[in-house]
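Residues per chain, in single letters:
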Amino acid sequence: MGLFDFFKKKPQTQEEEQALDKGLEKTKEGFLSKITKAVVGKSTVDDDVLDNLEEVLVTSDVGVTTTLKIIDRIQARVARDKYVSTSELNNLLKEEIQTLLAENNSSDFENFNYGDHKPYVIMVVGVNGVGKTTTIGKLAHQLKQAGSKVVLGAADTFRAAAVDQLKLWGERVGVRVVAQAMGSDPASVAYDTVKSAVANGEDVCIIDTAGRLHNKVGLMNELTKIKNVMQKVVPGAPHEILLVLDASTGQNAIEQCTQFTQATDVNALALTKLDGTAKGGVVIGISDQFKIPVKYIGVGEKIGDLQLFNKKEFVDSLFK
């Protein structure tokens, strides 16, 4: 199985389904118990129920913009069907969220083709502490399992820990890591990595970058410089700019997404740490608001717990 097969989503295995259900446990508990409270003593969906539901969605980190869209849809359904019992609310909500996410024009990866880029270059961005390096390690593992040759580039040269952590992941997964001395020019590391990937005939090249966001102009300049040097070796690189966000930060993740999408051409998202948080609703908000595909979700500690995101499976799991 090659690289492109890995990105065509296979039907969910029982193990993946269980990992997803377990990873969303905290979000689900909070979400479903809040919905139950929202309809207590009510037999039909009326304005009170809708007000309560709005509060449930906002406090579950779905975000105000997306919440209002969902409420509008449910209101329209209630107006059309005249009588909607509260027992139908969960199904109704599930359908409306799935339909909303299906409309955002970003396809899940069962029908996604990477084209014929070799090496396929992924530049990973995100603030420190969101699980960037771990995501890179787990992604390298998945790609290697799928039969791809992978190389990692340690271009976060500002933190010795970041370079060491990436080297550790390289050893654990069994992939090559290109690194230079602490404080080296990140663009030079990226250049070396891509150049050696071409020389070694590697399929995928993943570049880790520094996560400093306090100065957007500095960040933009740095990421642009890294992109430009990589393009000298592989025209069109990076093919993917993957922004890693920590789901447990809720609305803060939405803010980071706003900042990074202004600073560089993010075209894929990874949401980590879903298993440790009740704020999993943020995946719905981000999916809806940014029109950038959520590509991976981290649902646990294990090396195989980075999953390809599938909107339907995610929402199904949330309402189980």
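Computed from a prediction, not measured in an experiment: that's the story for all the values here. All residue numbers refer to positions counted from 1 along the written sequence of the respective chain. Only residues with pLDDT of at least 70 get local features here, since the model is predicted, and only at 80 or more are side-chain atom pairs given and counted; chain-wide, interface and lining totals rely on the full set of residues. The basis for every side-chain value is the complete set of non-hydrogen atoms in the structure, without hydrogens or water.

### Let's talk about the UniProt feature "domain: SRP54-type proteins GTP-binding" (unreviewed entry) in the protein chain
For the record, the criterion: UniProt positions are given in the numbering used here, feature names are shortened, and annotations may be inferred rather than shown by experiment. Strands here are runs of E lasting at least two residues and helices are runs of H or I lasting at least four, both read from the DSSP assignment and numbered beginning at the N terminus.
The sites that carry the UniProt feature "domain: SRP54-type proteins GTP-binding" (unreviewed entry) are, in the present numbering, residues 293–306. In residues 293–306, the share of helix is 0% and the share of strand is 43%. The end C-alpha atoms are 15 Å apart.

### Brief notes about the pattern of salt bridges
This is how it is decided: Salt bridge criterion: a side-chain nitrogen from Lys or Arg within 4 Å of a carboxyl oxygen from Asp or Glu. Each residue gets one of three labels from its accessible area relative to the maximum for its type: buried under 20%, exposed over 50%, partly exposed in between, using a 1.4 Å probe on protein chains only.
Counted by the stated rule, this structure contains 23 salt bridges. Among the ionic pairs, lysine 42 bridges to aspartate 48, the shortest N-O distance being 3.2 Å. The class of lysine 42 is partly exposed, set by a relative accessible area of 27%. A salt bridge links lysine 132 to aspartate 208; its shortest N-O distance comes to 3.9 Å. In this pair, lysine 132 is assigned in helix H7 (residues 132–145) and aspartate 208 in strand S4 (residues 204–208), connecting sequence segments 76 residues apart. When sorted by exposure, lysine 132 lands in the same class as aspartate 208, which is buried.

### Describing the environment of arginine 176
Rules: The contact criterion used is simple: two residues touch if any of their non-hydrogen atoms lie within 4.5 Å. Counting of polar contacts relies on pairs of N or O atoms within 3.5 Å, with two restrictions inside protein: one atom must be capable of donating a hydrogen and the other of accepting it, and residues adjacent in sequence are counted only when both atoms are side-chain atoms.
One can find arginine 176 in strand S3 (residues 176–178). On the basis of relative accessible area, arginine 176 is assigned to the partly exposed category, the value being 31%. For the pair arginine 176 and alanine 197, spaced 21 residues apart in the sequence, the C-alpha separation amounts to 9.7 Å. Excluding its chain neighbours within four sequence positions, the residues that come into contact with arginine 176 are Val150, Val151, Leu152, Ser196, Ala197, Asn200 and Glu202. A distance of 2.8 Å separates a polar atom in the side chain of arginine 176 from a polar atom in the side chain of serine 196.

### What about helix H10 (residues 216–233)?
Note the threshold: Residue count minus one, scaled by 1.5 Å, sets the expected span of a helix.
The end-to-end C-alpha distance of H10, which contains 18 residues, comes to 27 Å, matching closely the 26 Å that a straight helix rising 1.5 Å per residue would cover. Looking at the buried residues of H10, the elements they touch are strand S1 (120–125), helix H9 (186–200), S4, strand S5 (240–246) and helix H11 (251–263).

### Here we look at the nonpolar core
Our working definition: Throughout, nonpolar core names a set of buried Ala, Val, Leu, Ile, Met, Phe, Trp, Tyr and Cys residues whose side chains join them through atoms within 4.5 Å. Where each domain starts and ends comes from a domain assignment, either automatic or drawn from a database.
Ile206, Met230, Ile286 and Phe314 are the most contacted members of the largest nonpolar core, which has 99 residues in total. There are two domains that each give this core at least three residues, and those are domain 1 (14–101) and domain 2 (118–317). Contact partners of methionine 230, with chain neighbours within four places excluded, come to Val121, Met123, Ala190, Val194, Ile207, Ala237 and Pro238.

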